[in-house]
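For reference, the chains in residue letters:
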Amino acid sequence: MTQSSIHPAKISFVLPNSIAKEVGFEVGDSLVAINGFPLRDLIDYQFLCADEYLELDVVDNKGQTHYVEIKKDYDDDLGLEFEKALFDGLIQCNNHCPFCFIDQQPPGKRDSLYLKDDDYRLSFLYGSYLTLTNLSKKEWKRIERMRLSPLYVSVHSTEADVRIRLLKNHRAGQIIEQLKWFQKRQLQIHAQVVVCPGINDSLHLEKTLTDLALFHQGDVPTIISTAVVPVGLTRFRPLKDELIPVTKTKAKEVIKQVQSLQKEFYFKFNSNFAWLADEWFLIGQEELPPESHYEDYPQSDNGVGSISKFIREFETTAKQLLPAKINKSVTLTWVVGNAVKKVFQPLVKKLNKVDGLTIKLEALKSHYWGQETTVTGLLTGEDLLSQLQGKDLGDGILLPSIMLKHNDIYFLDDMTVEELAKQLNVKIFPVTGIEELIQICLHISTLPTMLNK
Ligand code: SF4
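Note that the coordinates shown come from a computational prediction; the quantities given were computed from them, not determined experimentally.

1. Here we look at the domain arrangement of the protein
Here is step 1: Taken domain by domain, the protein comprises domain 1 (9-82), domain 2 (102-304) and domain 3 (310-452).
Here is step 2: A straight line from the C-alpha centre of domain 1 to that of domain 2 covers 37 Å.
Here is step 3: Counting residues at the interface gives 7 residues for domain 1, matched by 10 residues for domain 2.
Here is step 4: In total, about 730 Å² of surface goes out of reach between domain 1 and domain 2, with carbon and sulfur atoms giving 57% of it.
Here is step 5: Our count for the domain 1 to domain 2 interface comes out at 4 salt bridges.
Here is step 6: Ionic pairing is found between Arg 40 and Glu 139, a salt bridge with its closest N-O pair at 3.0 Å.
Here is step 7: Remark: the boundary between domain 1 and domain 2 carries 4 residue pairs in polar contact (both at pLDDT 80 or more).
Here is step 8: Residue composition of the side of domain 1 that touches domain 2, grouped by class: 3 nonpolar, 1 polar and 3 charged.

Below, the structure is given as structure tokens:
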């Protein structure tokens, strides 16, 4: 091991009753190597840990070096969690997309908000999108050797000149060759196209989607699915003249265009293959497609079918968990983006059928980003504060945790949940998923009485 290849992986949690606990690992210790191999990231860790016999190089939290031998079954997990997934640091982006959300933030916030990642490891581990423009030969080889698939790729356009214009990077024009590289090795991709009106829409969009569909063939299709997403613009964007916001008319046009292509794709592949993000229907004020349209929801984390999935899960969970009445009356305020106001009203109606439970829906827009129509995930602490101050919020706020980043502590504008709770003088309950939302509605009186959970 050379000094430059060593990236100690700092342990943040040791699972109780785990092998690591038994061996004596503690929070703050660092794992340096497994079976003589240094670790670059969580992928190396998972890969190397699959062995039945492990020799671990460890540095404890006092700086002392240890050598630990472990015998285990092939699929036994050691029970360690780490501070970071990438022990050797983030691979940063080398593009200059005018629609980059990072550049559309106000200045003066915490440094981590301005970090532009374009790292294939985060794509493999967590489904974040990458552009493939910054990969060295070594990284391409690693993707092949470790079969890191599927990856999530921002294609935007299959036409070299259009993609170069969008990413402002001459390396962006190699996308078709790169897709062929994946095809040859039977590695798979989920693709996305962020539509910027006047740049990659209309005929360009048609070409991109039909080109991508050519990679959806055979037993192991290279491109598994494609998400078509509207560009999101904020009032802080630096190059105001370069991008045109998506209007209601544009949204309707794109919906019509993609729905017509979906018919062709369905005929060929028995799959829609390319899906429109929910936001198109919200901006275009059109009905969302039925649940069956989304097949197995391949891109729900990218806002494609996520509303329909949420409603389906809500209905199933509500049927199982909602009682006819609760003993102690409760009033809660459920905060969402105004884009979903209409589709969430029936859910609120259902919750309010429980005798003793009152849910008030507050559908807010983002003054912070300067958006008339706002999806829930973009609401900031400032938005909530300015629009909820002085209102009767009942016994607390149900806060979809999608608004929170960095360990569920901060809103996108850097305000913490605790700060907001203090300023509004109300309890805030961050909720992840429907079961948690319903459980909080039913058991709020038994939850700890503090300003925020
Ligand atoms: S690739 Fe992503 S992070 Fe990089 S500039 Fe474009 S939008 Fe921003």
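2. Focus: the pattern of salt bridges
Here is step 1: This structure, assessed with the given rule, holds 20 salt bridges.
Here is step 2: Across the pair Glu 372 and Lys 365 runs a salt bridge, and its minimum N-O distance is 3.1 Å.
Here is step 3: Given the relative accessible area of 58%, Glu 372 is considered exposed.
Here is step 4: Using a relative accessible area of 24% as the deciding quantity, one classes Lys 365 as partly exposed.
Here is step 5: Residues participating in the shared-partner salt-bridge network are Arg 40, Asp 41, Asp 44, Asp 88, Asp 119, Arg 121, Glu 139 and Arg 142.

What counts, and at which threshold
Residues numbered from 1 in each chain as written. Predicted model: local features only at pLDDT ≥ 70, side-chain atom pairs only at ≥ 80, totals over all residues. Heavy atoms only, no water. Domains from an automatic or database assignment. Contact = heavy atoms within 4.5 Å. Buried area = accessible area lost by both parts, 1.4 Å probe. Salt bridge = Lys/Arg side-chain N within 4 Å of Asp/Glu carboxyl O. Polar contact = N/O pair within 3.5 Å; in protein donor to acceptor, adjacent residues only side chain to side chain. Nonpolar A, V, L, I, M, F, W, Y, C, P; charged D, E, K, R; others polar. Buried < 20%, exposed > 50% of the residue type's maximum accessible area, 1.4 Å probe, protein only.

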